[in-house]
Amino acid sequence: MTSPLALGVLLSGSGTNLQAIVDAIAAGTLPARVAVVISNVPDAYGLVRARAHGIRVEVIPHRDFPSREAFDARLVETLHAHGVELVVLAGFMRLVTRVLLDAFPGRVLNIHPALLPAFPGLHAERQALDHGVSITGVTVHLVDEQTDHGPILAQAAVPVLPGDTEESLHARIQVQEHRVYPLAIRLIAEGRLRLEGRRVIVSSTGADAGAALVNPPPDAPW
Ligand code: GRF
């Protein structure tokens, strides 16, 4: 039996996506293990979650480094020291450089709270509300050098409802994030993704054809 895929989760905040990944692993639906959680923010709540599950944590404050590249070099050194095979950005509020991408080619994932290519960058929920869309969502993608731009692995749609605030929309989006991030990581862990240009092709097992598109069922809780 092969050993489960070693994940390195990078975060700066509350870590609910880390929690969803840990829960999916515990439930036996994600053949992976979290080898290390790294935060650039010393008091990020995600570190508390990681420690509660006995996951090794590393705090690497970005302000201790003279450049983004120097910071990323330390990230790479730490990820390698923990045997990480796949880097999972989960609310990591730093732009990454070629230093990290070259060390993990095609092996850095991000989750963004909108249906890319709509509303990249910060405050995606506010952008969606200001634009007046009636559907937004979640995107898991491979990271490249442009912000929120790389090949798309999985998306989920989320309705914008009358009276929504950034907070209420964010909460509805997070329900889908917590479904779709473990799913996308599972597709990688099972070796079922390949790239054609920037298109990601998912090989189907039949039972879950179209799994990369999460269609929330009519009885979804909103
Ligand atoms: C998520 O909304 C994600 O889309 C964005 O950062 C947020 C992280 O949330 N990249 P959490 O820390 O996992 O709760």
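What counts, and at which threshold
Residues numbered from 1 in each chain as written. Predicted model: local features only at pLDDT ≥ 70, side-chain atom pairs only at ≥ 80, totals over all residues. Heavy atoms only, no water. Salt bridge = Lys/Arg side-chain N within 4 Å of Asp/Glu carboxyl O. Helix = DSSP H or I, 4+ residues; strand = E, 2+ residues; numbered from the N terminus. Buried < 20%, exposed > 50% of the residue type's maximum accessible area, 1.4 Å probe, protein only. Lys, Arg positive; Asp, Glu negative; His and termini not counted. Near = heavy atom within 4 Å. Polar contact = N/O pair within 3.5 Å; in protein donor to acceptor, adjacent residues only side chain to side chain. Areas by Shrake-Rupley, 256 points an atom, 1.4 Å probe, with all protein chains shown as cover. Nonpolar A, V, L, I, M, F, W, Y, C, P; charged D, E, K, R; others polar.

Quick question: what am I supposed to make of the pattern of salt bridges here?
If the charged atoms of two oppositely charged side chains come close together, the side chains can form a pair. Summed over the entire model, instances satisfying the criterion amount to nine salt bridges. In this structure, E145 and R98 form a salt bridge, with 2.8 Å as the shortest nitrogen-oxygen distance. Placement of the pair is E145 in the loop between β6 (135–142) and β7 (152–159) and R98 in helix α4 (residues 98–103), with a sequence separation of 47 residues. By relative accessible area, which is 52% here, E145 ends up exposed. Accessibility expressed as a relative area gives 37% for R98, which makes it partly exposed.

How should I be thinking about unusual backbone geometry in this particular structure?
Peptide bonds are trans in most cases, and residues, glycine excluded, mostly fall at negative phi. Residue P117 follows L116 across a cis peptide bond; omega there is 10°. One can find P117 in the loop between β5 (108–112) and α5 (124–131). At F119, a residue that is not glycine, the phi angle is positive and equals roughly 55°. As for its placement among the helices and strands, F119 is situated in the loop between β5 and α5. Despite not being glycine, D148 shows a phi value in the positive range, around 50°. Secondary-structure assignment places D148 in the loop between β6 and β7. Accessibility expressed as a relative area gives 14% for D148, which makes it buried.

Would you mind showing me how to read the side chain of E177 here?
Its place among the elements puts E177 in helix α6 (residues 166–189). One buried charged residue, E177, remains without a salt bridge, the closest side chain of opposite sign being R49 at 11 Å.

I tried to follow the site of the ligand on my own but got confused; where do I start?
Near the ligand you find S14, G15, T16, N17, G91, I111, H112, P113, H170, Q174 and E177, and these make up its full shell. S14 places a polar side-chain atom, nitrogen or oxygen, 2.8 Å from an oxygen atom of the ligand. At 2.3 Å from an oxygen atom of the ligand is found a side-chain nitrogen or oxygen belonging to E177. Relative to its unbound accessible surface of 370 Å², the ligand loses 86% to contact with the protein. Breaking the shell around the ligand down by element, the ones donating at least two residues are α1 (16–27), β5 and α6. Tallying contributions element by element places α6 first for the shell around the ligand, with three residues. Looking at the shell around the ligand residue by residue, the classes come out as two nonpolar, eight polar and one charged.

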